[in-house]
Amino acid sequence: MATGKVLVVMGSDSDFPVMEGCFKILKRFNVEFEAHVASAHRTPDRAVKLSREAKDNGFKVVIAAAGLAAHLGGVLAANTTLPVIGVPCKGGALNGVDALYATVQMPSGIPVATVAIDGGTNAGILACQILATADEELADKIASYKQELADSVDARDQRLQDKINNMEG
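Here is what the cut-offs are and how they apply
Residues numbered from 1 in each chain as written. Predicted model: local features only at pLDDT ≥ 70, side-chain atom pairs only at ≥ 80, totals over all residues. Heavy atoms only, no water. Buried < 20%, exposed > 50% of the residue type's maximum accessible area, 1.4 Å probe, protein only. Helix = DSSP H or I, 4+ residues; strand = E, 2+ residues; numbered from the N terminus. Right-handed = clockwise from strand over helix to strand, strands pointing away. Pairing = 2+ DSSP bridges. Core = buried A, V, L, I, M, F, W, Y, C linked by side-chain atoms within 4.5 Å. Arc of directions from axis to C-beta. Contact = heavy atoms within 4.5 Å. Axes fitted to C-alpha atoms, helices over the stretch in contact; angles between N-to-C directions.

Would you mind showing me how to read the pairing of strand β4 (residues 84-89) here?
In regular strands, side chains alternate between the two faces of the sheet. Counting buried residues along β4, six of its six residues qualify, which places the element largely inside the surrounding structure. Because side chains alternate across β4, one face comprises the buried residues V84, G86 and P88, and the other comprises I85, V87 and C89, equally buried. Handedness of the crossover joining strand β3 (residues 59-67) and β4 through helix α3 (residues 72-78): right-handed. As paired strands, β4 and strand β5 (residues 113-114) are joined by two bridges and run parallel to one another. From the neighbouring strand, G86 faces β5, where its bridge partner is T114.

Quick question: what am I supposed to make of the nonpolar core here?
Within the largest apolar cluster, 28 residues are counted, with the highest numbers of intra-cluster contacts made by V6, V8, M19, V31 and I63. Those elements that place two or more of their residues in this core are β1 (5-10), α1 (16-28), β3, β4, α5 (120-132) and α6 (136-165). With 20 residues, the next largest nonpolar core counts L7, F59, A77 and A99 among its residues.

Explanation requested: helix α2 (residues 44-54) in the structure shown.
The periodicity of an α-helix, 3.6 residues per turn, causes residues three or four positions apart to be oriented the same way. Regarding α2, the residues found buried are A47, V48, L50, S51 and A54. Projected onto a plane normal to the axis of α2, the buried residues spread over an arc of 160° and lie on a single side. Away from its buried face by more than 90 degrees, α2 exposes D45 and R52. The secondary structure elements touched by the buried residues of α2 are β1, β2 (33-37), β3 and α3.

Which parts of the structure should I look at to understand the sheet that holds β3?
Backbone hydrogen bonds hold the strands of a sheet together, and the pairing may be parallel or antiparallel. Taken in spatial order, the five strands of this open sheet run β2-β1-β3-β4-β5, and their pairing is parallel. Unpaired on one side and paired on the other, β2 and β5 mark the two borders of the sheet. Those strands touched by helix α4 (residues 97-104) are β3, β4 and β5, and its axis lies near 165° from that of β4. Against the sheet, α5 contacts β1, β3, β4 and β5, and its axis sits at roughly 165° relative to β3.

Sorry if this is basic, but what is going on with the pairing of β2 here?
Bridge count for β1 against β2 is five bridges, and the pairing is parallel. Bridge assignment links M10 to a residue of β2, and that residue is V37. Between β1 and its parallel partner β2, the chain crosses via α1, and the hand of that crossover is right-handed.

In structure tokens, the structure reads:
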């Protein structure tokens, strides 16, 4: 098991499809995590409690996934000294742009590192990279993963070259 745990808080269970990639990454790298539903607006006391107790409960990184007004990341960040990663989720009339702005536009002193709209997988990777600063084995796993990504691009380039070379003119 990697050093440190990740707390994932989703504004709704409907955010699960966005966060599934995050959970798979955390499992792939053998990083312990817990996931909970708490709303910045409907259950603010629960959100604050999760955040305030996160460090004492052994968490090293917090991930907040929310759509629409997406104040969850900010509420969590305001109540912990742990790094918080925000995942703005698509939805509503603005298709996630409102969630992106609400997550990324934090006041000075309350940072929320923000990934792309529906960027659950990248949130998981970033959480692992943060943990890897104190865990060399995890750092090596991430380096291997990134090499796999590079290798897959090389394979795609080779397929493209083969298609072009086998074209008839």
